[in-house]
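Residues per chain are reported as follows:
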Amino acid sequence: MASSAATGSITTAAGAPDDAHRHRRILQALTGLLLGMFVSMLASTVVSTSLPVIVHDLGGDQAAFTWVVTATLLTTAISTPIWGKLADLFNRKLLIQLSIVIFVVATAAAGFSQDPGTLIAFRAVQGIGAGGLAALSQIIMADIISPRERGRYMGLFGAVMAVATVGGPLLGGFITDTIDWRWNFYIAVPFAVAALIMLQRTLHLPVRPKTKARIDYLGIVLLSTAVSLVLIWVTNAGSDYDWWSTETVLMVGGALLAAVAFVIVELRSAEPLIPLTLFRDRTFTLAVIASISIGIAMFGTSVYLSQYMQLARGATPTEAGLMTIPMIAGLLIASIVIGGLVTRHGHWKPYLIVGGVLLIAGSYLLSTIHYDTHFVLVALYMFLLGSGVGMTMQNLLLIVQNTSKPSEIGVASSGVAFFRSLGGTVGVSVMGAALATSATDLFGVRKEDIGAAIAKLGEKGAAIAEQLQSGTIPQVSTLPESIRVIVEDIYAQAIAHSFLIAVPLAVISLIAIVFLPNIPLNRMTTSERAAASEADLATITTAEGMSALEATGAEERTDAAPRGSAETSDTRADEASAHRR
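Conventions adopted
- Residues numbered from 1 in each chain as written.
- Predicted model: local features only at pLDDT ≥ 70, side-chain atom pairs only at ≥ 80, totals over all residues.
- Heavy atoms only, no water.
- pLDDT = per-residue confidence, 0-100.
- Helix = DSSP H or I, 4+ residues; strand = E, 2+ residues; numbered from the N terminus.
- Contact = heavy atoms within 4.5 Å.
- Salt bridge = Lys/Arg side-chain N within 4 Å of Asp/Glu carboxyl O.
- Buried < 20%, exposed > 50% of the residue type's maximum accessible area, 1.4 Å probe, protein only.
- Polar contact = N/O pair within 3.5 Å; in protein donor to acceptor, adjacent residues only side chain to side chain.
- Patch = residues over 30% accessible without salt bridge, like charges linked within 9 Å, V, L, I, M, F, W, Y side chains within 5 Å.
- Areas by Shrake-Rupley, 256 points an atom, 1.4 Å probe, with all protein chains shown as cover.
- Lys, Arg positive; Asp, Glu negative; His and termini not counted.
- Charge placed at Lys NZ, Arg CZ, Asp CG, Glu CD.
- Axes fitted to C-alpha atoms, helices over the stretch in contact; angles between N-to-C directions.
- Parallel < 35°, antiparallel > 145°, perpendicular 65-115°, else oblique.
- Left-handed = near helix turned anticlockwise from the far one by under 90°.
- Nonpolar A, V, L, I, M, F, W, Y, C, P; charged D, E, K, R; others polar.
- Expected span 1.5 Å × (residues − 1).

A.B. asks: Can you explain the confidence of the model for the protein chain? Please cite residues and give values.
C.D. replies: In the predicted model, the protein chain carries a mean pLDDT of 76, and the fraction of residues at 70 or more is 80%. The lowest-confidence element of the protein chain is helix α1 (residues 2-7), averaging 39 in pLDDT; the highest-confidence one is helix α14 (residues 349-366), averaging 91. Low confidence marks residues 1-17, where pLDDT is under 50. Its contacts with residues over four positions away, or in another chain, come to 32 contacts. Below pLDDT 50 for its whole length, residues 536-581 participates in 72 contacts with residues either more than four positions away or in separate chains.

Structure representation (structure tokens):
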């Protein structure tokens, strides 16, 4: 049976699945997948604490800093639904290997950049591979693990995420401080090679029926145009041109036209990039709304927290990596603990609601920080935010996969990931624009104080004045004490102001979570559900028919409810009914 191939289930002489062997097979299949995700996370986070230094060395300003981050997030967001659609049409194992190759080659090439433009271009290509890894890893997980069981394995993904997110900035800061920041881009290459080998040896997916490939190229172009115009407008408005100007009318108008055209094309396409029929499902629609805010909290705050540590507290890249550990600790602990509780008890909604509340609290409290705020408080705020992300991010995707049709699991999973990435992309751009505007205004307000401090430095003051007037991001830790305190205060206020943007969106996210339908988690993998549909068992109402399939959640049933009993029959019927909804 296909599902058996996917999960690696083997059967004893008595006919019951050997859970220990199946668990071992699943772990083997996840090894390469986890390593692939580690490569993606490491290559992304290893440069996070080094970006202020990198952009400074390449002569970039705050807009360049924002675009170095946004370029990756933009192409990740745009490519995620494309990879998801390809996953429903082609070999998923080959696709995830291809995404790793694209990601790592672009990452290594970025290490040779000589100016901000080249770095941004390679980071954009890097995002294409990252989109594949983000979408395909979750789709493949649905292939081999049922929603009810997935919590116990989500802890592994949380651990990998935490190791990469904590270790990446620390390693990147150490490399930048001791060797050269360019080596940050080369470090992922050996891990990528290992991931490709492990995926080839350990990942065995069920054979999928061949289908005729139809790619919605026009939809791809229209979606890319709409998102790109919005981001370019947000990043440059207020600096290169006024918010209310001809450029604004052209860009916003063009983005709206492209968005309307995209909707029309998707409604008429035989194989749409994002099937708009998915939005008929209340679970998918509300999960998308919630994911947008989570994307902002996850990407926006993590990017600018590192900048806060270096520009507002004078930390080195290595110190900045250490100082952001509380947020990652919150994410790791929450994802592992909550994942285990979801698997054990089957309840997911209370944890999502608590996570939504923590997102609001963490976002708001971070908007109150100053350059001299006690670090214990800053650490607490980061921990709250990380815990909120850990409780919500994976569980939102889990409940969407739980209710999606097996034939649409790819586009549904990538759809949620797309809107999460899109929220993060727009969030980073908006927060970056707000930061740049606030910093410029505050430098103007503190102009006399800065001038007086520079005048006391004599000849050294001229070089510092030139650096501050150039618009290049300063290396605060190298500035004289009298200037450093002023600059730290300016950037602390500007960054805190940008954090405030995430608060109303976190409130919207909580509202969406509250209204999510509380549907029980299915005990069948995507492969098993597809097999059930093919056997016309999707609407099964009798225990005899359901017993024809071995679901991965079989071990959760106790002797008090043996297969074929009325209790088991009712449970399975409820799951099938929930799936149809």
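A.B. asks: Pulling in residues and values, what's your account of the pattern of salt bridges?
C.D. replies: Enumeration over the complete set of coordinates arrives at 4 salt bridges. Of the charged contacts in the structure, one is a salt bridge between glutamate 488 and arginine 484, with a shortest N-O distance of 2.7 Å. Taken together, the residues glutamate 488 and arginine 484, both in helix α19 (residues 481-499) and 4 residues apart, mark about one turn of the helix. Connected via shared salt-bridge partners are Arg446, Asp449 and Asp489.

A.B. asks: Give me the side chain of aspartate 489: which residues, what numbers.
C.D. replies: Along the chain, aspartate 489 turns up in helix α19. For aspartate 489, a relative accessible area of 15% translates into the label buried. A distance of 3.0 Å separates polar atoms of two side chains, one belonging to aspartate 489 and the other to arginine 446. Ignoring sequence-local partners within four residues, the contact set of aspartate 489 consists of Tyr371 and Arg446.

A.B. asks: Let's hear about a negative patch on the surface: which residues, and what values?
C.D. replies: A cluster of like negative charges, contributed by Asp61, Asp240, Asp242 and Glu247, occupies part of the molecular surface. With respect to the element layout, aspartate 240 can be found in the loop between α9 (217-236) and α10 (246-268).

A.B. asks: Before we move on, can you summarise the packing of helix α6 (residues 116-144) against helix α15 (residues 375-403) with the specific residues and values?
C.D. replies: How two helices pack is summed up by the angle between their axes together with the distance between the axes. At a minimum axis separation of 11 Å, α6 and α15 run at an interaxial angle of 50°. Taken together, the axes of α6 and α15 are oblique relative to one another. In terms of crossing hand, the pair formed by α6 and α15 is right-handed. Contacts from Gln138, Ile139 and Ala142 in α6 reach Gln394, Leu397 and Gln401 in α15. A breakdown of the residues in the contact of α6 with α15 according to their chemical character gives 3 nonpolar, 3 polar and no charged.

A.B. asks: Mind laying out the environment of leucine 42, listing which residues take part and the relevant values?
C.D. replies: Within the secondary structure, leucine 42 sits in helix α2 (residues 19-45). Once the C-alpha coordinates of leucine 42 and leucine 171 are considered, the two residues, 129 residues apart in sequence, prove to be 9.3 Å apart. Apart from residues no more than four positions distant in its own chain, leucine 42 is found in contact with Ala164, Gly168, Ile187 and Phe191.

A.B. asks: Which residues make up a nonpolar patch on the surface, and what values go with them?
C.D. replies: Taken together, the side chains of Ile353, Val357, Val507, Ile511, Val514 and Phe515 make up a nonpolar region of the molecular surface, amounting to roughly 480 Å² of accessible area. For the nonpolar patch, the secondary structure elements donating two or more residues are α14 and α20 (502-514). Top element by residues in the nonpolar patch is α20. It accounts for 3 residues. Along the chain, phenylalanine 515 falls in the loop between α20 and α21 (526-534). The class of phenylalanine 515 is exposed, set by a relative accessible area of 53%.

A.B. asks: Got a sec to walk through the environment of isoleucine 274? Specific residues and values, please.
C.D. replies: Turning to its location among the elements, isoleucine 274 is positioned in the loop between α10 and α11 (282-311). Taking the C-alpha atoms as reference points, isoleucine 274 and glycine 219, 55 residues apart in sequence, are found 8.7 Å from one another. Once residues within four sequence positions are removed from consideration, isoleucine 274 is found in contact with Pro81, Phe262, Glu266, Phe279 and Phe418.

A.B. asks: Describe in detail α10, supporting the description with residues and values.
C.D. replies: The terminal C-alpha atoms of α10, which comprises 23 residues, lie 33 Å apart, in line with the 33 Å expected from a rise of 1.5 Å per residue. When α10 is considered as a whole, its buried residues turn out to be Thr248, Met251, Ala255, Ala258, Phe262, Val265 and Glu266.

A.B. asks: How would you explain the packing of α11 against α15 if you had to name every residue and give the values?
C.D. replies: Contact geometry of α11 with α15 gives a least axis separation of 9 Å together with a crossing angle of 150°. Regarding the angle of α11 to α15, the classification is roughly antiparallel. Along this stretch, α11 crosses α15, giving a crossing that reads as left-handed. On α15, the residues touching Thr283, Phe284, Ala287, Ala290, Ser291, Ile294, Ala297, Met298, Thr301, Leu305, Tyr308 and Met309 of α11 are Phe375, Val378, Met382, Leu385, Val389, Thr392, Met393, Leu396, Ile399, Val400 and Thr403.

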